[in-house]
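Remarks on the overall topology
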Amino acid sequence: MVIQMKWTRIDVKTSSRTQLIEITDRISEEVKKSGIQDGVCHVYVQHTTAGLTINENADPDVVRDILTGLTRLVPATGDYRHAEGNSDAHIKASLMGFSLNVPLIDGRLALGTWQGIYFCEFDGSRIRHVLVGITGE
Ligand code: ZN
């Protein structure tokens, strides 16, 4: 048994300030390229105003409602001191988190039927980077 670890980077182009972009297919592509069958897929963003989450990819209203709910929780303006003026984006990114771990079973991401992996942009539009690490055998 030889445990392998492979990291690759994918670029995600966002097109608005706040946006959830499904990246499941792109992560699956990296899993396929790695040749690793059983292990864990790590996904990580090196940003402070973007994050990652897993949620429903069947009804697009779920994504819309997540973004609307986050904006209700964290308004764009308020009692913020950060001079860059994007404190809402920093807070939303921390709420979502910066890394995910997905089981890799029989060469496939073991996601639930309705689950998709989302890149969460909160201060776009930009080109963002996502690290994908696949470890296993
Ligand atoms: Zn900032």
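Above: the structure in question.
None of the values given here were measured: they were computed from a predicted structure.

What counts, and at which threshold
- Residues numbered from 1 in each chain as written.
- Predicted model: local features only at pLDDT ≥ 70, side-chain atom pairs only at ≥ 80, totals over all residues.
- Heavy atoms only, no water.
- Helix = DSSP H or I, 4+ residues; strand = E, 2+ residues; numbered from the N terminus.
- Buried < 20%, exposed > 50% of the residue type's maximum accessible area, 1.4 Å probe, protein only.
- Salt bridge = Lys/Arg side-chain N within 4 Å of Asp/Glu carboxyl O.
- Contact = heavy atoms within 4.5 Å.
- Donors = N, O, S within 2.8 Å, 3.2 Å for Na, K, Ca; no water.
- Tetrahedral: all angles 85-135°; square planar, octahedral: opposite > 155°, others 65-115°.

1. Looking at the environment of I134
- In this structure, I134 sits in strand β8 (residues 127-136).
- Among the residues examined, I134 registers a relative accessible area of 2% and is labelled buried.
- Taking the C-alpha atoms as reference points, I134 and G35, separated by 99 residues in sequence, lie 9.5 Å from one another.

2. Things to note about the pattern of salt bridges
- Applying the stated criterion across every chain yields a total of 7 salt bridges.
- For R9, the salt bridge goes to D11, with nearest N and O atoms at 3.5 Å.
- Across the pair R126 and D123 runs a salt bridge, and its minimum N-O distance is 3.1 Å.
- Given a relative accessible area of 14%, D123 falls into the buried group.
- Connected through shared salt-bridge partners, R17, D88, D123 and R126 make up one network.

3. Quick look at helix α3 (residues 87-96)
- Buried residues of α3: S87, D88, A89, K92 and A93, and no others.
- The elements touched by buried residues of α3 are β4 (50-56) and α2 (60-73).
- Within two residues after α3, G97 carries a phi angle of roughly 100°, on the positive side.

4. What to know about the coordination of the zinc ion
- Binding of the zinc ion to the protein goes through H82 (NE2), E84 (OE), N86 (OD1) and H90 (NE2), at separations of 1.8 to 2.2 Å.
- Of note is the zinc ion, whose 4 donor atoms meet at the metal with angles of 89 to 151° in an arrangement that counts as irregular.
- Donor residues for the zinc ion sit on one chain with the sequence pattern H-x1-E-x1-N-x3-H.
- Residue classification places H82 among the partly exposed residues on the basis of a relative accessible area of 37%.
- Given a relative accessible area of 22%, H90 falls into the partly exposed group.

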